[in-house]
Each structure stands twice: as structure tokens, then as C-alpha cells.
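Now for the letters of each chain:
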Amino acid sequence: MLDFFTIFSKGGIVLWCFQGAGVTESFTGPVNALIRSVILQERSGNSSFTHEALNLKYKLDNEFELIFVVGFQKILTLTYVDKFIDDVQLLFRDRYKNELEQKGALQLLSNNFDFGDDFQMLLREAEKSSKARSPALMRSFKESEKSQKTVKSMIETKGGDKSKEQGGKKNKNAKKEAPAAELPKGDQGRASASGQKMVENGNQGLTPEEVMQKKREEFFRKRMVGPTEKPSKSPKPQKPREKQMRVWEMGGSSTKDLDYSGRNGDGSPNYGEQNQEAQTDPGMQLSSMEGDLLPVDCESSEEGENEEEVETVSSSETSKTSSKKGGSFGGMLGMLKGLVGSKSLTREDMEPVLEKMRDHLIAKNVAADIASQLCDSVAKKLEGKVMGTFTTVASTLKQALQDSLVQILQPKRRVDILRDVMEAQSQRRPFVITFCGVNGVGKSTNLAKISFWLIENGFTVLIAACDTFRAGAVEQLRTHQRRLNSLHPPEQHGGRPVVQLYEKGYGKDAAGIAMEAIAYARNQAFDVVLVDTAGRMQDNAPLMTALAKLIAVNMPDLVLFVGEALVGNEAVDQLVKFNQALADHSMSDKPRLIDGIVLTKFDTIDDKVGAAISMTYITGQPIVFVGTGQTYNDLRSLNARTVVSALMKA
């Protein structure tokens, strides 16, 4: 039933492999896909992976740096695989422990791992045990609890006394009726349970000293709990805050400043000078953006507090467990035991710190599911690994999580738009970028920023106004076109505008407008076409179908999803449904999905940068641009290490 089973090191050396009877295809393709998509991308929280028609189960051995992978057909349901891969791991470790302890690739290559007979024995035992398990037989009506019910019991249930007895509520009727109702039936288990409840509710069977001790504990418990509950019962009503009077910065001290009767109709005495000042608006005086974008910078005044907090949590957990075992001397030994690398890490050792890290990631705006998967992946990566000397569990986990986050944010493929545009120039065609996203995230604004960046690098841009739904969308793009052409006058570029707008008004088919714009750009020798689409919610099926049609018909070079840095769990839902819609409504076998992400409003979140992790983890695609403000200069590239350091700070 198994297609293959392979054991290899994390360095890529195959120690042993098995291929099932009748299987002719090589297993290198699925295993390489597992390594690229899961292990290298720090997504090992789930122990299964699907590749085409195969289902792969894997297990990491962190002590000897080994990976065990089993593959079988996806249509099969093999219940014994999880236990089988655990048994193979334990047997292989025990048998070749001395060979595996020899570090280095040459030692592993020189050893002969003859594991075939042991593997076949374990496989036969696993298949035999799975066949021996017979499905549980359904109970007959006479064997069920419902058959024991009488009309009297049903009437008592409606009255309420019987329900209280079954629900375990403590009352006098339950104490009296429980033994009388259950003992005649001969059910010893129920009789013992009811007797145990009576003993717990009363003081039967206890010595006078035990009764006194019990009452003393109840007294102290009430004294300890009492004062904390009183404030919650009657909270003091808070006074509503009064609205403060607004003070205008340019407010005049007299009413004469508001008299416009003696001025022009436009409300200013020197309109010509004001218009001239508008041409030299400080917002228009922008610095050069030639070349690659600057990396984003995450500022945070609180440095190093997170490490101290996690260390405190770890040490407090250690001191709590040690104080229970034996006084101050035990606390000293517990602290040393937490520092010195005397044993391998277990899940129990890591659980308190992982819980704290999970809460920290969620507080930093990482989606809850993504935070749990990241912590599970780190736990699997470190479980069984021997710690270094004088290294705490908290610092080890923090370093592993930082490495995982940096690996996730690093792009899996080359992201160089300027080089791609020049390559499209050599092919005498425009480079097409499509922007999509939900409403109000800043698609048009960031499209204008990217236009300015491309113009600064010497490219001509055609903006396709495919948002034919929102009122004012075309006028907004026309305003950006006019401002960009004023920053780069046509006189400096041979009399040709560097930015043009292709629009057909409102209510038209967006896919048709994009197709006409691409054809126009090819005829007029434009370098880049930026396609602006209407904002749509991920649950709006008609609009998602229209977006999938636009992308499938025009096949742009780059599909960018524009998302806010403010979202948390919503980012997961948006990206999953956008990708799902593009895949469902595509007309090809290999659908075109989201290629990259534009993260906007990054200047409004301080150090809550978790949305970057959530979006990248879901799609596996890089963050190409980061919007950090309202001007054309406020466009940055992502610096993975800076974002991770901001994420890990308290």
C-alpha cells in the first residue's frame, strides 16, 4: 500500500529508502516539493503534505538531524501510518545510534544502513494490527440507556427534579432519589458514582479531624475569594467624558478676517500668486527615487523588554516547580537545571514559553491560526534537540522563532521589477501589473506611488482605469496623472507625457478596458501598464468572478494584492478567498494566483507588524512594496530582519 519510505539527513544525504511493488515513478519529485514548500519555509506545524496524487507524512528527528518521509496514494485511508512512522524512527535510531552520532557527511556516506528486514517486519505488524481492528458494533435498543427509562422517570424529568439529579446539582432531592432510583437496576457503576457524590457533598466517612480540616479550608477559601468579588458586583458608574472645545490653528482673532466681500470671487486677492505657489507646493518637492527602493524602518522605543519578560516567565515557571519540590536549595538547583544543557528539549519544557510567545504574536497583530502554526512548527523543530550549555529554554525558542519568521518573510523567488521591465522592453511589449484588493486599502494611491518610482527610473507608464464602479475613481487617477506630469514635464522627455491615463468612463467591462489599454500601450511603446481595479470584498461572488475574468483574459506579468497593515485575522480570510476565486474562475489548468503583496498604511501601526507575517505565510508570496505615508516618496521595500525585530519586541 505504501508507495515509498525514505530516511535522509537535513543535509540532503539519503540514508535508506524503500519503494513499493509496482511503483515505477521516482519519489524525488514529491520529496523535493516537501523540502521546498514545508521544511525550508518553516511550515512543519502540520505533519502531512499533499503533492499531486500522493499524500506524504513526515517526522523530524532533531537530535540526529534526520527526516522520515512516507508516501502513499491520496485516495487511500491508512490509519496505521502515524504509529508506523514513529516505530520506524525509534527502531532506526536505536539500531544505528553509534553511526548517527558521527558528525559529518563523509561518515554518513561511508556507513551501510541495512534496514530492509526490520522495515518489512514493522510494516507487516502495522498492516496486521490495522486489519485486526474490527469496527465497533452498534448497541441494540435493549442495551441502550433509553430502554431503561420509564414513564415515571420521563414525568419527573419534566418536573425538574430529575434533570437536576442528572446534571449533578447538589440538592436534597438528588441525595434522596439517587440511590433509590439506581440501585434496583443493578448498575454497580452508577451506584458507586452516586455514593461518591454523597460523600463529596456531605461529611460521611470522615474522621472528626478531617471534617475540621475541611471546614477550615472552606473558611480560608471564602476569605480569600470574598474581597476580590465585591468590586465586580457593584462597579462604580464612570462619568462620561465631556467634549473638549476644538481650537483651530489658523483661527482669526476678529471677524474681519472672515469678510471676503472686498476680494475676488475666488476668495483671494492675488489668485495668480496663489496658483504659482501651488505649483511649488512643499508636498510636490520630492526627493529622487531612482534605483532600488529604500528598506522600511520600524521604530520602537522599547528595546529588549520582550527578552527580559520571556526570561522572567521562564525563570518564574522554573522557580515555581522547584519551590514545590524543596525550598530555596531546590530553587537553586531548578535554576541551574534550567540553564545547563543536560538533557534534550521536550514539549512539556517548551509549552509555557510557547504559550507566552503565541499570545505575544497575537498581540502584535498576527492572525491567531498563524501564530499557533508558527509555535507548533518551532516546537517540532526543537523537540528532542539537546540544548547548549548555559542556554535557557526561552532564549532557544526565541532564536528559533526569529529564524523561522525571517525565513518566511524572505522571498522564495527573485523580485526585481526594474529588471523585469527592461526584459519586457527587449521583447517590445509592455510590462503589465494588476492591482486588486478590498475596498479602501489604498490601491489607487499606491499605484500612483509606483508610477512615480517607475518614472524616476526612466520608464513611461500607462494607467488603465478599470475601476468603473466607484464614483470619482477615474477623476482620482486623472489628478494623479496631472500631478505626476507636472513633476516630470513633457519638455524634459522629448515633448511626450511620461504618464497617460486610459479610461472609458463608468459602467463598462473592466476586462475589455484592460485589454484595450494593453493593446494601446503596445502600439504607443509604453514600458509599463498599471491596471487599477475596483475594490471588492472577498465574499462578493460576482465581483470576484469579474476579477478572475480580467486576470485570465489579459494574463498580466504581475498580480499584486493590496492589503492594509492594520488587519489581523481578516488578512487570512481575504487572501485565501481571493486566491480561491482566481483558481475557481480560471480557464487554464494552472490558474494565475496572487504573485506579490503591497502592504499599505505601515506608518499607522507602530510595531504591530503581524499582518506582514500573516499575509506572507498564507500565500507564500513576497511583500513587494510597503506604503509608509501619503506622498509619492513614501514607498519602501520590506526589510525582513527589521520587521522581525519589531515583532519580537515587547
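Residues numbered from 1 in each chain as written. Predicted model: local features only at pLDDT ≥ 70, side-chain atom pairs only at ≥ 80, totals over all residues. Heavy atoms only, no water.

**Quick notes on empty space enclosed by the protein**
Put simply, the rule is: For each structure, a 1 Å grid was placed over the protein atoms alone; sets of points admitting a 1.4 Å probe that cannot get out are labelled cavities, open sets with protein on both sides within 12 Å along at least five of seven lines are labelled pockets, and lining residues have an atom within 4 Å of a point. Grid points are joined across faces, edges and corners, and a volume is the space filled by probe spheres set on the points. By the convention adopted, Pro, Cys, Tyr, Trp, Phe, Met, Ile, Leu, Val and Ala count as nonpolar, Lys, Arg, Asp and Glu as charged, and the other residues, Gly among them, as polar.
All chains considered together, the criterion is met by one cavity of 30 Å³ or more. Approximately 50 Å³ is the volume found for the largest cavity. Surrounding the largest cavity, Q41, R43, I408, L409, Q410, P411, K412, T616, G620, Q621 and P622 form its lining. Taken together, the residues of the lining of the largest cavity break down into four nonpolar, five polar and two charged.

**Some details on the nonpolar core**
Cut-off, in case you're wondering: In plain words, nonpolar cores are sets of buried Ala, Val, Leu, Ile, Met, Phe, Trp, Tyr and Cys residues tied together by side-chain atoms within 4.5 Å. Each residue's exposure class comes from its accessible area (1.4 Å probe, protein chains only) as a fraction of the maximum for that residue type: buried when under 20%, exposed when over 50%, partly exposed otherwise. Helical segments are the DSSP runs of H or I of at least four residues, strand segments are the runs of E of at least two, and each set is numbered from the N terminus. Per the annotation, domain bounds derive from an automatic or database assignment of domains. Any two residues having at least one pair of non-hydrogen atoms within 4.5 Å are treated as being in contact.
Judged by nonpolar contacts, the single largest core of 115 residues is most densely connected at L374, L397, I417, W453, L454, F602 and F625. Counting residues per element, this core draws most heavily on helix α15 (residues 393-409), at nine residues. Two domains each put at least three residues into this core: domain 2 (344-409) and domain 3 (417-641). Residues contacting F625, with those up to four places away along its chain left out, are L293, I417, I450, W453, L560, I597, V598, L599, L635 and R636. Formed by 27 residues, the second largest nonpolar core is a distinct cluster that contains F5, F64, L66 and F119.

**Quick look at the side chain of T533**
Stated precisely, the cut-off is as follows: Each polar contact in these results corresponds to two N or O atoms within 3.5 Å; when the atoms are within protein, one needs to be able to donate a hydrogen and the other to accept it, and residues that are neighboring in sequence are counted only if both atoms are side-chain atoms.
By secondary structure assignment, the location of T533 is in strand β9 (residues 528-533). Of the polar contacts made by the side chain of T533, one reaches the backbone oxygen of F435; its length is 2.4 Å. Once residues lying within four places of it in the same chain are set aside, the contact partners of T533 are T434, F435, C436, K443, C466, D467, L547 and L550.

**So, the environment of I513**
Relative to the elements of secondary structure, I513 occurs in helix α19 (residues 510-523). Taking the C-alpha atoms as reference points, I513 and C466, separated by 47 residues in sequence, lie 6.3 Å from one another. With residues near it in sequence (within four places) discarded, I513 still touches A465, C466, T468, Y502, K504 and K508.

**Observations concerning the pattern of salt bridges**
Pairing between side chains becomes possible if they bear opposite charge and their charged atoms approach one another. Stated formally: The salt bridge criterion pairs a side-chain nitrogen of Lys or Arg with a carboxyl oxygen of Asp or Glu, the two atoms within 4 Å.
Applying the stated criterion across every chain yields a total of 18 salt bridges. A salt bridge links E355 to R358; its shortest N-O distance comes to 2.8 Å. With a gap of three residues between them, E355 and R358 both fall in helix α13 (residues 347-363), about one helical turn apart. Of the charged contacts in the structure, one is a salt bridge between K364 and D607, with a shortest N-O distance of 2.7 Å. Of this pair, K364 sits in the loop between α13 and α14 (368-382) while D607 is found in the loop between β11 (596-600) and α22 (610-619), placing the two residues 243 residues apart along the sequence. Here the two residues K364 and D607 agree in accessibility, since each one is buried. Salt bridges sharing partners connect three or more residues here, namely R347, E351 and D376.

**A few points about the sheet that holds strand β3 (residues 48-51)**
Test applied: Note on pairing: two strands pair once DSSP finds at least 2 bridges between them. Only C-alpha atoms enter the line fits that serve as axes; for helices the fit covers just the stretch in contact. Angles between N-to-C directions range over 0 to 180 degrees.
Read across the sheet, five strands follow the order β2-β1-β5-β4-β3 without closing on themselves; strand pairing throughout is antiparallel. Bordering the open sheet on either side are β2 (14-19) and β3, each of which pairs with just one other strand. Taking each pair of neighbouring strands and ignoring which way they run, the sheet shows an average axis angle of 15°. The pairing of strand β1 (residues 2-9) with β2 spans five bridges and is antiparallel. Residue pairing across strands places F4 opposite Q19, the latter belonging to β2. Strands β1, β3, β4 (54-61) and β5 (66-73) of the sheet are contacted by helix α1 (residues 28-39), whose axis makes an angle of about 125° with β3.

**Observations concerning unusual backbone geometry**
Positive phi, close to 55°, is recorded for R428, a residue that is not glycine. Its location among the elements puts R428 in the loop between α16 (417-426) and β6 (431-437).

**Describing the UniProt feature "domain: SRP54-type proteins GTP-binding" (unreviewed entry) in the protein chain**
Put simply, the test is: UniProt positions are given in the numbering used here, feature names are shortened, and annotations may be inferred rather than shown by experiment.
Residues annotated in UniProt with the feature "domain: SRP54-type proteins GTP-binding" (unreviewed entry) correspond here to residues 622-635. With 0% helix and 43% strand, residues 622-635 has its two end C-alpha atoms placed 16 Å apart.

**A word on helix α2 (residues 81-95)**
In plain terms, the rule: Here a helix's expected span is defined as the number of its residues, less one, multiplied by 1.5 Å. Directions pointing from the helix axis toward each C-beta atom define the arc.
Helix length check: α2, at 15 residues, gives a terminal C-alpha distance of 21 Å against a target of 21 Å (1.5 Å per residue), a fit within 8%. The set of residues buried in α2 consists of V81, F84, I85, V88, Q89, F92 and R93. Buried residues of α2, seen end-on, are gathered within an arc of 160° and therefore sit on one face of the element. Of the exposed residues in α2, those oriented more than 90 degrees away from the buried face are K83 and D94.

**So, the pairing of strand β8 (residues 499-502)**
Operational definition: We call a crossover right-handed when, viewed with the strands running away from us, the connection from the first strand over the helix to the second turns clockwise.
Burial along β8 is two-sided: the face carrying V499 and L501 and the face carrying Q500 and Y502 are both buried. Two strands pair when backbone bridges link them, and strand β7 (residues 461-466) and β8 are joined in this way by four bridges, in the parallel orientation. Note that in β8 the partner of A464 across the bridge is Y502. Once the chain exits β7 it traverses helix α18 (residues 473-487) before rejoining the sheet at β8, and the crossover so formed is right-handed.

**Here's the deal with the pairing of β11**
Side-chain positions along a regular strand alternate between the two faces of the sheet. For β11, a buried count of five out of five residues is recorded, marking the element as mostly surrounded by other parts of the structure. Residues of β11 alternate between two faces, with G596, V598 and T600 on one and I597 and L599 on the opposite face, all of them buried. In this structure, strand β10 (residues 558-564) lies alongside β11, joined through five bridges in parallel fashion. Counterpart to E564 in the pairing with β11 is T600. Each parallel crossover has a hand, and the one from β10 via helix α21 (residues 569-584) to β11 is right-handed. As judged from the three bridges shared by β11 and strand β12 (residues 623-627), these two strands associate in the parallel manner. Considered in β12, the bridge of I597 is made with I623. Following the backbone out of β11, through α22 and into the adjacent parallel β12, one traces a crossover that is right-handed.

**With respect to the packing of aromatic side chains**
The test is simple: Here a pair means two rings of Phe, Tyr or Trp (six-membered ring of Trp) with centres within 6.5 Å. Their orientation is stacked below 30 degrees between planes, edge-to-face above 60, and tilted elsewhere.
Applying the stated criterion to the full structure yields 17 aromatic pairs. Each ring, one from F5 and one from F84, has its centre 5.8 Å from the other, and the planes form 80°; the classification is edge-to-face. In this pair, F5 is assigned in strand β1 and F84 in helix α2, connecting sequence segments 79 residues apart. Taken as a pair, F5 and F84 share a single burial class, namely buried.

**Quick look at a nonpolar patch on the surface**
We count it as follows: Exposure above 30% relative accessible area and the lack of any salt bridge qualify a residue for a patch; like charges then connect within 9 Å, and the nonpolar side chains Val, Leu, Ile, Met, Phe, Trp and Tyr within 5 Å. Here, Shrake-Rupley sampling with a 1.4 Å probe gives the accessible areas, and only protein chains in the shown set may cover a residue.
Among the surface-exposed residues, M1, I75 and L76 lie close enough to one another that they form a single nonpolar patch of about 350 Å² accessible area. For M1, the position within the fold is in the segment before β1. Looking at M1, the relative accessible area reads 60%, which means it is exposed.

**Considering the confidence of the model for the protein chain**
Let me state the cut-off plainly: Each residue carries a pLDDT value, the predictor's own confidence for that position, ranging from 0 to 100.
For the protein chain, per-residue confidence averages 77 on the pLDDT scale, and 72% of positions sit at 70 or higher. Note on residues 300-329: pLDDT is under 50 here. Beyond four places in sequence and across chains, it has 29 contacts.

**Notes on the sheet that holds β9**
Here we have eight strands laid out as an open sheet, ordered β8-β7-β9-β6-β10-β11-β12-β13, and mixed in their pairing. Each edge of the open sheet carries a strand with a single partner, namely β8 and β13 (635-636). Pairing geometry for β7 and β9, over six bridges, is parallel. Directly across from V461, in β9, lies its bridge partner V528. Along the sheet face, α19 touches β6, β7, β8 and β9 and points at about 165° away from the line of β7.

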